[in-house]
Protein chains: 2
Amino acid sequence: MTGSTATPRERYRLQVRAEVKERAWEQIAGVGASALSLNAIAKQMGMSGPALYRYFAGRDELITELIKDAYRSLADTFRGAADLDLSGLAQVLRRWALEDPHRYFLIYGTPVPGYEAPQDVTAIASEIMSTLLDACIAAGPEEPPTGEQAALDAYLEGHRAWAAGHPTARPATLRRALAFWSRLHGLLSLELAGHFAGMDLDPELLFEAEAGTLFPR
Amino acid sequence: MTGSTATPRERYRLQVRAEVKERAWEQIAGVGASALSLNAIAKQMGMSGPALYRYFAGRDELITELIKDAYRSLADTFRGAADLDLSGLAQVLRRWALEDPHRYFLIYGTPVPGYEAPQDVTAIASEIMSTLLDACIAAGPEEPPTGEQAALDAYLEGHRAWAAGHPTARPATLRRALAFWSRLHGLLSLELAGHFAGMDLDPELLFEAEAGTLFPR
DNA sequence: TCGCCTGGTTAGAAGCTATCACTTGCGGCA
DNA sequence: TGCCGCAAGTGATAGCTTCTAACCAGGCGA
């Protein structure tokens, strides 16, 4: 099954890297990404501090890797739900977010100071957007644009590089994808950060209602 | 003008606390809140490390204070724009966010691990929501709810404790306020985190178009 | 079999938060 | 006015962090 064209050394190396990331995810789930400690991971794996620097250049590279994995996970989850409609995709998105809030915030939360998204990540991000666009195209006719929406549609006609994989999509479809993305992100972000907690509001109902505005029923 | 019922000692104390927070904001603007350093602030103020512990119990208390100030700033900004309509309020919100993105993320970004919002903060948050509700009431008639929105309205009829200051507001008005909040937060959060950066999209146009869906023109 | 290279170790530098013990000097009171 | 107490600032220290440097052992290929 495994290609195993690699030397035993390389296979071991990959395995250790994977275990480090696994422990990192556990720790992130517990204390959050900002308090992630290489030392603690090393100790947990039964080796001492600086050994990890054989596998990761430093904390930043590890976090960058985790961010990439998080994007990869979301992209795969979306791909796996590509046969669902927009409503289903929305539910899949929310479930994925609730499954591990810290993972969500790693992508969509406060940007980390020095971090700059590498090429890999932007590629995966556009893959996610591509899946979303597929669903938006399949979702049927959009309602006629009103006011500023028409202006935005005209603008999107000329700024659609981010949807390069869907050259025939109507501007209203692009607009719907952007609305899906930004509106649901707004709700999820508020929910996961606990801003609905003290308000006695059911986030799921808000989410359902908001998702309902995005596609014809 | 100043009450100055306080002793000189207390006035000095307050002044130092204020300067510490000022330096903290400068540092946050530079390196972000997670990398904020008490030591660096102390050195910048010409005194040495542990002196700051006379004024703040620790890093957490300082950050809590900064979060409260950020909320206070947003609430005041909103109060000062209470005579504007929803469209104006949206623009004020965006300007406030762009003015200091780190301040925005301190409120709406990734929650800090151990932090639990004190009573003060929830009070200020509901003051912000109150101003928003005023504007929503003044914004005129809502469009008829569709599908899940009607269900949400029915739910909101029974869960309106968060809008206790506006007992006569229609559920559709509450729903509009929630949409204003969550949708604009979604866009702002994505913009400030740089997710539109590589997409060649003008965040302002997206924001205008999204705001335009929130109130009759 | 020999040698290199990988992966582990300990030691240490620089930085952080936070506590403790100590001194100094301002402020309020007699 | 003079004196005393308490607040404020100091250095030392513990314990944590990331990360570098130097060193050692063992497996893998020539």
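Residues numbered from 1 in each chain as written. Chains lettered and ligands numbered in written order. Predicted model: local features only at pLDDT ≥ 70, side-chain atom pairs only at ≥ 80, totals over all residues. Heavy atoms only, no water.

**Q** In this structure, what is going on with the relation of the copies chain A and chain B? I would like to understand it.
**A** To go from the first copy of the chain to the second, apply a rotation about an axis and then a shift along the same axis. Between chain A and chain B, which share one sequence, the superposing operator has a rotation angle of 180° and an axial displacement of 0.0 Å; the RMSD is 0.0 Å. What the rotation and shift describe, once combined, is the action of a two-fold rotation axis. Among all residues of chain A, the one whose C-alpha sits closest to the rotation axis is A:Gly186, at a distance of 1.7 Å. Of the residues that chain A buries at the interface, 100% are likewise interface residues in chain B, meaning the two copies contact each other through the same surface. (Least-squares fit on C-alpha atoms with pLDDT ≥ 70 in both. Contact = heavy atoms within 4.5 Å.)

**Q** Hey, could you run me through the pattern of salt bridges in this one?
**A** Oppositely charged side chains can form a pair if their charged atoms are brought close together. Going through the model one piece at a time under the given rule, you end up with 30 salt bridges over all chains. Across the pair B:Glu61 and B:Arg17 runs a salt bridge, and its minimum N-O distance is 3.6 Å. In this pair, B:Glu61 sits in helix H3 (residues 59–80) while B:Arg17 sits in helix H1 (residues 8–31), placing the two residues 44 residues apart along the sequence. It is possible to trace a salt-bridge network through shared partners that takes in A:Arg17, A:Lys21, A:Glu61, A:Glu65 and A:Asp69. (Salt bridge = Lys/Arg side-chain N within 4 Å of Asp/Glu carboxyl O. Helix = DSSP H or I, 4+ residues; strand = E, 2+ residues; numbered from the N terminus.)

**Q** I keep staring at the side chain of A:Ser182 and nothing clicks. Help me out?
**A** When you line up the elements, A:Ser182 lands in helix H8 (residues 171–192). Excluding its chain neighbours within four sequence positions, the residues that come into contact with A:Ser182 are B:Gly186, B:Leu187, B:Leu190 and B:Glu210.

**Q** Where do I start with the nonpolar core in this structure?
**A** If you look at soluble globular proteins, the nonpolar side chains tend to sit buried side by side. Among the nonpolar cores identified, the biggest contains 141 residues, and A:Leu132, A:Trp162, B:Leu132 and B:Trp162 are the most heavily contacted of them. Excluding residues within four positions of it along the chain, B:Leu132 makes contact with B:Phe78, B:Leu86, B:Leu89, B:Ala177, B:Phe180 and B:Trp181. (Core = buried A, V, L, I, M, F, W, Y, C linked by side-chain atoms within 4.5 Å. Buried < 20%, exposed > 50% of the residue type's maximum accessible area, 1.4 Å probe, protein only.)

**Q** Mind showing me how you'd approach unusual backbone geometry here?
**A** Most peptide bonds adopt trans geometry, and most residues besides glycine take a negative phi value. If you check the backbone angles, A:Asp200 has positive phi at about 55° while not being a glycine. On the secondary structure map, A:Asp200 appears in the loop between H8 and helix H9 (203–212).

**Q** Could you clarify how one ought to interpret the domain arrangement of chain A in this entry?
**A** By a frequent convention, interface size equals the accessible area lost on bringing the separate parts together. Residue and element names in this part refer to chain A. Each assigned domain of chain A is listed here: domain 1 (1–56) and domain 2 (67–212). Here the C-alpha centroids of domain 1 and domain 2 sit 31 Å apart. Each partner contributes to the interface: domain 1 provides six residues, whereas domain 2 provides six residues. A combined buried area of about 510 Å² lies between domain 1 and domain 2, and 67% of that area is made up of carbon and sulfur atoms. Across the contact surface, domain 1 and domain 2 share one salt bridge. Across the salt bridge formed by Asp69 and Lys21, the nearest N and O atoms sit 3.0 Å from each other. (Domains from an automatic or database assignment. Buried area = accessible area lost by both parts, 1.4 Å probe.)

**Q** Before we go on, may I ask you to explain the environment of A:Asp76 in this structure?
**A** Here A:Asp76 shows up in helix H3 (residues 59–80). When the C-alpha positions of A:Asp76 and A:Ile107 are compared, they lie 15 Å apart, and in sequence the two are 31 residues distant.

**Q** Help me understand the interface of chain A and chain B, please; the structure alone is not making it clear to me.
**A** With 42 residues of chain A at the contact, the number on the chain B side is 42 residues. The contact between chain A and chain B buries some 3800 Å² in all, and 68% of this surface belongs to carbon and sulfur atoms. Summed over the shared surface of chain A and chain B, the result is two salt bridges. Residues B:Glu210 and A:Arg183 are paired through a salt bridge, measuring 2.7 Å at the closest nitrogen-oxygen approach. At the junction of chain A and chain B, the tally comes to 11 residue pairs in polar contact (both at pLDDT 80 or more). Contributing elements (two or more residues each) for the side of chain A that touches chain B: helix H5 (101–108), helix H7 (148–158), H8 and H9 of chain A. Here the residues of the side of chain A that touches chain B sort into 23 nonpolar, 12 polar and seven charged. (Polar contact = N/O pair within 3.5 Å; in protein donor to acceptor, adjacent residues only side chain to side chain. Nonpolar A, V, L, I, M, F, W, Y, C, P; charged D, E, K, R; others polar.)

**Q** I keep staring at the protein's contact with DNA strand D and nothing clicks. Help me out?
**A** Within the structure, DNA strand D sits among 19 residues, and A:Leu38, A:Asn39, A:Arg59, B:Arg54 and B:Tyr55 are positioned closest to it. Near-protein atoms of DNA strand D (within 4 Å) split between backbone and bases, with sugar and phosphate holding 64%. At 2.8 Å from a phosphate oxygen of DNA strand D is found a side-chain nitrogen or oxygen belonging to B:Tyr12. The contact in question runs from a phosphate oxygen of DNA strand D to an N or O atom on the side chain of B:Tyr55, over 2.6 Å. Elements supplying a minimum of two residues to the surface near DNA strand D: helix H2 (38–44) of chain A together with H1 of chain B. (Near = heavy atom within 4 Å.)

**Q** What should I look at first to understand the packing of aromatic side chains in this one?
**A** Pairs of aromatic rings are described using the distance from one ring centre to the other and the angle between the two planes. In the structure shown here, the tally under the stated rule is eight aromatic pairs over all chains. Pairing A:Tyr104 with A:Phe105 gives two aromatic rings, centres 6.0 Å apart and planes at 80°, and the pair type is edge-to-face. Like A:Tyr104, the residue A:Phe105 is buried in the burial classification. Both rings, one in A:Phe196 and one in B:Trp181, keep their centres 5.6 Å apart while their planes meet at 85°; by these two values the pair is edge-to-face. Taken together, the residues span two chains, with A:Phe196 in the loop between H8 and H9 and B:Trp181 in helix H8 (residues 171–192). (Phe/Tyr/Trp six-rings, centres within 6.5 Å; stacked < 30°, edge-to-face > 60°.)

**Q** What am I meant to see in the protein's contact with DNA strand C here?
**A** The local shell around DNA strand C holds 21 residues, among which A:Arg54, A:Tyr55, B:Leu38, B:Asn39 and B:Arg59 are the closest. Near the protein, meaning within 4 Å, the atoms of DNA strand C are sugar or phosphate in a fraction of 66%, with bases accounting for the rest. A distance of 3.0 Å separates a phosphate oxygen of DNA strand C from a polar atom in the backbone of B:Asn39. Where the surface near DNA strand C is concerned, the elements lending two or more residues are helix H1 (8–31) of chain A together with H1 and helix H2 (38–44) of chain B. The element best represented in the surface near DNA strand C is H1(A), accounting for three residues. Here the residues of the surface near DNA strand C sort into 10 nonpolar, five polar and six charged.

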